[in-house]
Amino acid sequence: MSKSTKIILLVGVLSFIVFLVVAYFHYQGSSDIVFLTSKDSYADNYAKKHFLDVEYVSNMEKNKYQRKLENFDYKIDKGITITGYKGKSSRLVVPAVIRGIKVLEIEADILNNKNIETLVLSSNIEKIDKEKFKSVNIECFANSFCLELKETDGMNVTILDDSEFVDFNNYLDEYAYELNDGQVEIIRYDGQDSYPIIPNTINGYQVKTITFAANNIKGIYIPDTVDYIGNNFIMKHLNRTYLTVVLGNLGALIIFVVVNIFNKSKKLEEISANSIISIISIIYLGIIYYFSYNINIFLDYKWYIIKTLIGTFIYILLIVSLYLGLSNRKKYTSSIKYKKEFLNETLNLLDDVDSNDEYNLRELIRYSEPISTDQVKDIEYKILELITNISKDNVEEIKKLIKKRNNVLKQNK
């Protein structure tokens, strides 16, 4: 094995080792993340596509998973005072606490939001401007403040049944989001819960997209409203993907090694073709690595396998084409060498039978058509036979045959 071949093979093997290390950190993590969702939902299909476990939530169970988070403007004094709301919920649940501090008061400025028709108050609320809040419906559980509001003339107050569940832990604290065309995209999860619940709405807008990375999440509830999950969501949960790309690249490396073991020659005319094959081989590995490293872009194993197979097919096709071209070149070179032997043989024969060039044939032969064909084999055989027995009697015949040979070759061109 030549030194250059060893270098190429070493480059291929080392690049494969580097890929294994990089891909491991790229696709590290657990594949045990569990999706809680409805059957045949987007999240269900997503989980199946990526070999993740799914637990189905029935329609009867959905209520305990539904979350409607809200974001408020507020100020802090002895407790929290709500000063504003920029969402679009018509029935607005006011949280009991925000960042661990009780919500005690609601300012009338919150009613600048014309979407609000009903306010649901927790038992922590101690103060509102009764006159200004007569324009909205109030819902609350029976306590002294709620009963006081109920007895106030002009206020529309509904006392909730103790059996009714209201999520007063609804302040938007764990998620960062962006609002695009009236749809929410959750871009970050700041909570510590290993089993978070994705809200149905934020500020009254439906949650449609999830693009954060589920790094430390073991399980997650995803509502039916979600119709897109970003590429990096399960980036840390792709052990199966790592195994897939390792096997794919191992196959590519084996093909690379086999090709380059046979890609060797010491002949100058073949070295350039061998170099091209080596360069194509390195490019091939690079392309396969690219497909593997960016499988998260496609997030579809079928397409990854198809692209890898297509890349390998094109690579093999190029290599076979180059080898066939090199083989044909060898045959052509050999053929040219063979076809030029007639002139050499004739001149060598003249050195023996007419060393002094008495018959003036040497110049005529030297400048004859150099490459022979099958069409002139009989003529060439006759010329050699006459030269072997050269004399004054047959010189003219030899000259005529030489000219005849040249004419036939010119016509064939």
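For the structure, check the block above.
Keep in mind that this is a model prediction, so the values were computed, not measured. (Residues numbered from 1 in each chain as written. Predicted model: local features only at pLDDT ≥ 70, side-chain atom pairs only at ≥ 80, totals over all residues. Heavy atoms only, no water.)

Things to note about the layout of surface pockets
Here the largest pocket is characterised by a volume of approximately 410 Å³. Lining the largest pocket are 14 residues; nearest its centre among them are Lys68, Arg91, Val93, Val166 and Asp167. Residue classes in the lining of the largest pocket are distributed as 3 nonpolar, 5 polar and 6 charged. (1 Å grid on protein atoms, 1.4 Å probe; cavity = no way out; pocket = protein on both sides within 12 Å on 5 of 7 lines; lining within 4 Å. Points joined across faces, edges and corners; volume = space filled by probe spheres on them. Nonpolar A, V, L, I, M, F, W, Y, C, P; charged D, E, K, R; others polar.)

Points about the pairing of strand β4 (residues 72–76)
Looking at chain direction, β4 and strand β5 (residues 80–85) are connected through 5 bridges and run antiparallel. In the sheet register, Ile76 faces β5, and the bridge partner there is Ile80. Where β4 hands over to β5, the hairpin turn is made up of 3 residues, counted between the paired strands. (Pairing = 2+ DSSP bridges. Helix = DSSP H or I, 4+ residues; strand = E, 2+ residues; numbered from the N terminus.)

Concerning the sheet that holds strand β1 (residues 34–37)
The strand order across the open sheet formed by 3 strands is β2-β1-β17, and the pairing between neighbours is parallel. Only two strands of the sheet have a single partner each, and these edge strands are β2 (53–56) and β17 (219–221). The sheet shows a mean angle of 20° between the axes of neighbouring strands, direction not considered. Note that β1 and β2 share 4 bridges and pair parallel. The residue of β2 that forms the bridge with Val34 is Asp53. Against the sheet, helix α2 (residues 42–49) touches β1 and β2, its axis set at about 155° to β1. (Axes fitted to C-alpha atoms, helices over the stretch in contact; angles between N-to-C directions. Contact = heavy atoms within 4.5 Å.)

Observations regarding the packing of helix α10 (residues 377–388) against helix α11 (residues 395–412)
Helix-helix packing is described using two parameters, namely the angle between the two axes and the distance between the axes. At a minimum axis distance of 10 Å, the contact between α10 and α11 shows a crossing angle of 160°. When the interaxial angle is binned, α10 and α11 end up roughly antiparallel. Crossing of α10 against α11: the hand is left-handed. Of the residues in α11, those touching α10 at Ile379, Glu380, Lys382, Ile383, Leu386 and Ile387 are Glu397, Ile398, Leu401, Ile402, Lys404, Arg405 and Val408. Taken together, the residues that form the contact of α10 with α11 break down as 8 nonpolar, no polar and 5 charged. (Parallel < 35°, antiparallel > 145°, perpendicular 65-115°, else oblique. Left-handed = near helix turned anticlockwise from the far one by under 90°.)

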